[in-house]
Structures are given as C-alpha cells and as structure tokens.
Amino acid sequence: MLRVKNLSVSYGRIKVLRQVTFHVKKGEIVTLVGSNGAGKSTLLSVLSGLKKELEGEIFFEGQKINGLRADQIVKMGIVQVPEARQLFNTMTVEENVSLGAYVHRKTCSKEELREREEKVYDIFPVLRERQMQQAGTLSGGEQQMLSIARALMAKPRLLLLDEPSLGLAPLVVKEIFNIIKEMRDNGTTILLVEQNALAALKVSDRGYVLESGKIILSGDSSELLENEEVRRAFLGKEYREKWER
Amino acid sequence: MKKSCEEQVYFPWEKDLKGLGRDQIKELQLERLQLTCNRAYSRVDFYRKRFDEIGLLPEDIKDLDDLDKFPFTTQEDLANHYPYGMFAVPLKDIVRIKYSRNVGESPIVIGYTKKDVKIWTQLMARLMHSIGIHKRDIVQIAFNYSLFTGAFNFNAGTEEIGATVAPSATVSATIQLKIMQDFRSTVLATTPSFALHILKTMRDQSLDPHLLHLRIGIFGPDFMNSELRKELEDGFGIKAYSIYGVEELVEPGLAGECEYQDGLHIAEDHFYAEIINPATGKLLPPGSPGELVITTLTTEAYPLIRYRTGDITAFSEAPCACGRKTIRMSPSFRRSDDRITVRGVSIYPQQVERIICEIEPTIVDFRLVVYTTRGLGDRLDLLIVPPADESLMKGTRGQILERVRSTMRRHLGLGVRVQWTTREILPAEGMLYKTVIN
C-alpha cells in the first residue's frame, strides 16, 4: 500500500533521514522504532506532506505522492495522529471530532458524517460521555483517544500514529494499543511510530528499527522482540526472560 | 474484518515472497540490501573500512545496480578476520558457531543469531516443501554430521515441516538400506556419491527396490549430471533433487530445485545473487555462465557483501512452470578456483601443499589425481616426488608416506592413496582427471 524508496531528508545541513526504503502492506500494522532523534517524526511529516523538501520517492497505492499538499494527502486516505495529540483544546470533544472530517465536508452528506461520528463514539464510548467537554480538560488517555477519533473521521486508509503512548500511564497505553489492534482488524492499515518499542512491537505485525536516520533492522515484530540489539537498546531491564516471570 | 481463513492458511516460509512478481522481489531486495549495508557499515569494521576506502557510503546504494561499485569479498577476507572480525553482533548474541575449511591457514568462522538459525531452517523447509516433502514423510539423513555440520539444517527443515527425521549419518550402506526398509523412509538426503554407493550395494545384495518406500531424494552439495540423476531416479524409484549452499556459509538451502527440476530457485528474499566474469569481475547478464556472487540480505550476525563463491553457474529469469518468480541458477560443475570435491569433501591443492611442506619440506613436487564416477569425485590419489638426494628426507619413504596419509585423513576427513613417483612420469601442471569405467 505504501512504498517509500530512497527517502533522504535534511534540515539545513543536518541529514535526518538517509536513503530510507521500506513498505507497508494493506491491512498491516508496521512500527518504526528508534530512539529520540532517529528521524521517526520527520518521516511521518514527510508522509503527511508537511515537509516537502526531500529526495526519494513515496508511492501510495501505486501513485507517487511526492510534493502533494497535505490536504490532498489526507483526501487520498493518509491521515496522521500527531505527536502530543495537538487537539483544538478550547473546542469541545464534539467539535474536534466533527472537524476531523473537514476535507470531506463537501463530498459527504450530513447523514454519512453523522454515521461516521456514531461509529467513532462506539469505538471510544468515553468520548460520547464527554461530548460537550472542552478537549483541553480531558485526561491524557482521553485526549489520545480524541486525537485518534478525529483522525478516524477522515476515513483513513493508512493511519499514521506518532508516539501514541507518549505521556500516558501504562494501563492507558495498553488500552490505546488494544484499540489500535481493533482498528487494524477492521481494515485500517497502520504505520506506528513509537519510542515504547515493547508496546509497539507487541501490537504490530512488522517493524523497522531506525538509527541515526538509517534503517538497520527489520523483520516480524515477534522476531524483533527477541532480537538482542532491540532488547538492549529499547526494551530495558523491565523485559524479563520467560523463565524469570 | 478479520483476516479470512484463506489468508491464514499459508506456510511461514512463504510469506515474504508470496504473490510477488519480479519487480516487487527487486523492491524487497533493495530495501533489505540497504539495511544490510547500513548494518555492515556500522557494525563490521572490515566493511566500514571497505566503504571508506572507495569513498562510498551505504546511502549511495540507491538501486540494486549501485552494488556494482562495491568490491568483492573473498575467502581470504573471511579467513583473515578469524575468529570474530566479521561478526556484526557481539558474541553473546551468537547462538551457533560453525567452522568451514578453506584455502587459507585459518578456518572461516561463521556465527548465527537465533533469527539467523530460524531463517536457514525456514529456507530448508521451503525447499523441502516445494519438492513435495510433507508431515507424513520419513527423512533419512545420511550425511557425515561431523564433517558437514550443515547436515543439521536438514534435521531442522524436516522438523519444521513436521516430518520425521531418521538421522542415519554415515553408517554403512547395508545398514542404511536396513533402516530404509525398517523405518519405511520416504526421503533420502545425502551426497550423490553416497547415494550411488547405496544403490550399488542394493544391486550387489540383489535387494528388490520395491521393498523400499523411497519417493524423493534430496542431494548435495555436489550436483548430479543428467546421467547420474537418471541412474538414481531409476534405481531407487524416486525423483532426485539438487540443493545448493555456499560451503563457507555452511548451511544448505540457499537454492534448490522445484518439482520441475529445471534449475535451482534462489531464495531471493534472503540473498542477492549476481554472476560475474571471474577474470574481470564484470557483471554478466542472465544466461551467461560466470561466478556466483552472493550478498546476504537478512542475516544478522554475518552480513556478507558480494561474496565470491567460486561456483560457476548461469541464471534464468524466465518464469518457471511451478509459478515461482525467483531466478533459477543452473547446476554448477565448475569452479573459478582450484577446489576439488571428493565424496562430498572439498579440498584445495593449497591445503595439501601445506600439509606436505609441514611433514617433509624436501618433497619437490606433487600431483592430485581425482577419480570420478558419473562426474563426481570418488577417489583421490596423491603423487609425491622425492628430492634427488633422499638422505635429506626426515624419514624413510615408508614413514613419510604413512605420515602424509594419516595427516591427510585427519585434516581433510578423507582417505587418500599416497604414492611416490618420479619427476619424469609426473603429469603436467594442473589437475588430471581420470574417468573410471565400470
């Protein structure tokens, strides 16, 4: 579904991504793991059309999308849930959700949009309860859910999730990732960028490891979870051996 | 919408290549090649130096063709970095170490992480599955496990498929046949020369081949010529398939025949294969015979970039009747170096020279004579020439002969007939092949 070939991005003279080549197949959850500064968020910015200065090629369902405007990319079905939520904090939950379908406002009927909203509230019932509440007053987990809900309103075919676990309590992270899994099961393809490699690899099908802007490992997530380099770099001491539990 | 039942029924070893056409295979290869170069550059000093020497960075590999800019890796390179210089991971991540013989003095040591071991197992399972081996088969594995540790990969592949392993190793042909009958082995995995020997024993004992339950033979590392294949197929009532692996990489499973026996499919999701002119190093197009050069795409512990295998073969990119889109290599019967194979054992004349020099440096010359049967090295004779003044020798002719014979057996794992000869009747430079006619 998504094919990125030889992507190189610089900020001035600093090379942030170097010849990054990877792919995401339809119906997969692919995770990009890497520490701070590895280039993960830059990659998502490029895919969303927010950063246009790049070398290389990006293909979405066979079509080259280099240089397209961000709104054109959203219309094509690539929707990002940005890092740290970036909600419209002074607006209500309901207003945030309905704004998610902004690009489709002229092409979809009111009924269709309402139906979509209902579906999204079905996935996140807690948001239905807080529809009239200001987005900025929600808890961290609820804000993350709202951010995802807003993205879902744009009917994504490929959902880009930027650090969904950031700043969230472990139990909340678990809940969010379960929802991510459900979304995949319901047909959404997901590219997940995460520093919390354990949670991300547990939920995803495949993963790539970025180091200093280059891909140095890839494989099935189950394999990467067992990979010693990944464990040392990202999984830390909390990850116990099977026989230690 | 959960994954449909149809999608779920696939074998794990198929998933990377499933449904991919040639262009898509190349895209996958590029992705993995860049990853390999990135890892090799950052984790293996040898490769970092190589990249730096030619002023190339891994990010300069933008296309598969760009690999042509990179120099070849040779056996000497691997041996010179004995023991761990070529490893891309710390030793604690290595779960298996293997040694292979080579032309140099130091052995080549290859390491595998857990994932690498899994990859090789999957490749073997893939090959076995593609020639029709399934859960209910009983696979008799008749390799010399101590000499050819790659044989364990046959065990792993068999177990992965769920078939039964009957590791008969190197018991005599008579016992092999007994095991075949008693256990109703359906698959025989061994060297073609041992298979031939078992066949001959079967005939000598007037054993009715119908008493055997064999249906498939999987043979390596030597290749069968068409005459040999026919003899094994007719004699055992089986279909006989070739399998290939680079000896230095130890494990078999890099390429193997499918049910159509028309070339060996290369595991292109794990290896990038090129053919070069061995003299000039220039790339050759499909169809032209040349030396096989391999780049690993997924191995973690031991990335290899443009490794010269020494095997002469040719590629075909034409679609195979089996439907698989991977390129096929022709069986290899020639080498670009002097390596010879006798009863599945590889020998370099340089190794023999070293052995002779160590035992009796006054020996002035030697020749290796390989006797072949059906194109396979079957027996090896070593002819040695004493100095003009034999009093310079460290022992008597008989003593030296015995020392050379026993050392050869110990170092090479092969019984060799050693004879004294004279300069005058020594064959010309190079190797002499004699065909034994039965």
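Attention in this report is confined to the structure presented alongside it. Since we're looking at a predicted model, the values are computed, not measured. Every chain is numbered independently, its residues counted from 1 as its sequence is written. Key to labels: chains lettered from A, ligands numbered from 1, both in the order written. Selection of residues for local features in this predicted model requires a pLDDT of at least 70, selection of side-chain atom pairs for listing and counting requires 80 or more, and totals for whole chains, interfaces and linings are taken over all residues. No hydrogens and no water enter the side-chain calculation; it runs on all heavy atoms of the structure.

**Some words on the overall build of chain A**
- Each helix and strand counted, chain A has 10 helices and 10 strands in total.
- Restricting the calculation to C-alpha atoms gives the radius of gyration, and the globule rule supplies 2.2 Å times the number of residues raised to the power 0.38. Expected size for 245 residues packed as a compact globule is a radius of gyration near 18 Å; at 18 Å, chain A falls within 12% of this value.
- Along the first, second and third principal axes, the C-alpha set of chain A runs to 50 × 45 × 30 Å.
- Split into buried and exposed, the 245 residues of chain A put 54% on the buried side. Strands here are runs of E lasting at least two residues and helices are runs of H or I lasting at least four, both read from the DSSP assignment and numbered beginning at the N terminus. Three exposure classes are used, based on accessible area relative to the maximum for each residue type with a 1.4 Å probe and protein chains only: buried under 20%, partly exposed in between, and exposed over 50%.

**Some details on the pattern of salt bridges**
- Throughout this description, the term salt bridge denotes a Lys or Arg side-chain nitrogen within 4 Å of a carboxyl oxygen of Asp or Glu. Taken as a whole and judged by the stated rule, the model has 51 salt bridges over all chains.
- Measuring nitrogen to oxygen at the nearest pair gives 3.6 Å for the salt bridge that ties Arg18 of chain A to Glu59 of chain B. You can see Arg18 of chain A sitting in strand β2 (residues 14-24) and its partner Glu59 of chain B sitting in the loop between α3 (45-53) and α4 (75-80), one on each of two chains.
- Classification of Arg18 of chain A as partly exposed rests on a relative accessible area of 25%.
- The residue Arg50 of chain B makes a salt bridge to Asp77 of chain B at a minimum N-O spacing of 3.3 Å. Taken together, the residues span a long stretch of sequence, with Arg50 of chain B in helix α3 and Asp77 of chain B in helix α4 at a distance of 27 residues. Each member of the pair, Arg50 of chain B as well as Asp77 of chain B, carries the same accessibility label: buried.
- Taken together, the shared-partner salt bridges connect Glu211 and Glu229 of chain A together with Arg39 and Arg43 of chain B into one network.

**Overview of the pairing of strand β7 (residues 239-244) of chain B**
Residue and element names in this part refer to chain B.
- In terms of burial, β7 is a largely internal element, 5 of the 6 residues being buried.
- Where strand β6 (residues 216-219) meets β7, 4 bridges bridge the pair, whose relative direction is parallel. Bridged to Phe219 within β7 is Ser242.
- Taken together, β6, helix α9 (residues 226-236) and β7 form a β-α-β motif whose crossover is right-handed.
- Two strands qualify as a pair provided DSSP detects at least 2 bridges between them. Across 2 bridges, β7 lies against strand β8 (residues 255-257) in antiparallel orientation. Here the term right-handed applies to a crossover when the path leading from its first strand over the helix to its second strand runs clockwise, the strands being oriented away from the viewer.

**Digging into the environment of Lys92 of chain B**
Residues and elements named next belong to chain B.
- Inspection of the secondary structure assignment puts Lys92 in the loop between α4 and β1 (96-100).
- A relative accessible area of 65% places Lys92 in the exposed class.
- With 111 residues separating them in the primary sequence, Lys92 and Arg203 have C-alpha atoms 51 Å apart.

**Describing a nonpolar patch on the surface**
All names here are of chain B.
- Where nonpolar side chains cluster on the molecular surface, the patch consists of Tyr82, Tyr84, Leu91, Ile97 and Tyr99 and spans about 520 Å² of accessible area.
- Of note, Leu91 is situated in the loop between α4 and β1.
- On the accessibility criterion, Leu91 (41% relative accessible area) is partly exposed. Like-charged residues within 9 Å of one another, or nonpolar side chains (Val, Leu, Ile, Met, Phe, Trp, Tyr) within 5 Å, are grouped into patches, provided each residue has over 30% relative accessible area and no salt bridge. Note on areas: these come from Shrake-Rupley sampling with a 1.4 Å probe, and a residue is covered only by the protein chains present in the view.

**Notes on the side chain of Gln140 of chain B**
All names here are of chain B.
- Residue placement: Gln140 occurs in strand β3 (residues 138-142).
- Polar contact is the term for a pair of N or O atoms within 3.5 Å; when the atoms are in protein, one must be able to donate a hydrogen and the other to accept it, and sequence-neighboring residues count only if both atoms are side-chain atoms. Engagement of the side chain of Gln140 in a polar contact is seen with the side chain of Ser185, the distance being 2.7 Å.
- We call two residues in contact when some of their heavy atoms are within 4.5 Å. With near-sequence residues (within four places) excluded, Gln140 lies in contact with Ala166, Ser168, Gln176, Ile179, Met180, Ser185, Val187, Leu188 and Ala189.

**Describing the sheet that holds strand β14 (residues 328-329) of chain B**
Residues and elements named next belong to chain B.
- Taken in spatial order, the 9 strands line up as β4-β3-β5-β6-β7-β8-β9-β14-β13 in an open sheet, and their pairing is mixed. Pairing within the sheet leaves two strands with one partner each, and these edge strands are β4 (164-166) and β13 (315-316).
- The sheet contact formed by β13 and β14 spans 2 bridges and is antiparallel. Bridged to Phe315 within β14 is Met329.
- Only C-alpha atoms enter the line fits that serve as axes; for helices the fit covers just the stretch in contact. Angles between N-to-C directions range over 0 to 180 degrees. Sheet strands touched by helix α5 (residues 114-130): β3, β6, β7 and β8. Its angle to β8, the strand with the most contacts, is close to 10 degrees.
- Across the sheet, helix α8 (residues 192-204) lies against β3, β5 (187-190) and β6, angled at about 125 degrees from β5, the strand it touches most.

**Looking at the interface of chain B and chain A**
- Contacts between the two partners involve 28 residues from chain B and, on the opposite side, 29 residues from chain A.
- Throughout, buried area stands for the accessible area (probe radius 1.4 Å) lost by two parts on being put together, summed over both. In total, about 2400 Å² of surface goes out of reach between chain B and chain A, with carbon and sulfur atoms giving 38% of it.
- Linking chain B to chain A there are 9 salt bridges.
- Across the chain B-chain A interface, the total number found is 15 residue pairs in polar contact (both at pLDDT 80 or more).
- Broken down by secondary-structure element, the contributors of at least two residues to the side of chain B that touches chain A are α2 (22-43) and α5 of chain B.

**Details of the nonpolar core**
- Here, nonpolar core refers to any group of buried Ala, Val, Leu, Ile, Met, Phe, Trp, Tyr and Cys residues whose side-chain atoms link them within 4.5 Å. Counting 54 residues, the largest nonpolar core has Tyr47, Tyr244, Leu254 and Met329 of chain B as its most contacted members.
- Looking at this core element by element, the count peaks at 5 residues for α2 of chain B.
- Ignoring anything within four residues of it in the chain, the contact list for Leu254 of chain B reads Trp120, Tyr244, Gly245, Val246, Leu249, His265, Ile266, Ala267, Phe271 and Ile294 of chain B.
- Among the nonpolar cores identified, the runner-up in size contains 37 residues, and Val79, Leu87, Val97 and Leu138 of chain A belong to it.

**What to know about the sheet that holds strand β12 (residues 307-313) of chain B**
- Read across the sheet, 4 strands follow the order β10-β11-β12-β15 (chain B) without closing on themselves; strand pairing throughout is antiparallel. Sheet topology places β10 (271-276) and β15 (334-335) of chain B at the edges, where each strand pairs with a single neighbour.

**A word on unusual backbone geometry**
Residue and element names in this part refer to chain B.
- Residues Tyr82 and Pro83 are joined by a peptide bond in cis, for which omega reads -5 degrees.
- Relative to the elements of secondary structure, Pro83 occurs in the loop between α4 and β1.
- Between Gly220 and the following residue, Pro221, the backbone shows a cis peptide bond with an omega angle of -10 degrees.
- For Pro221, the position within the fold is in the loop between β6 and α9.

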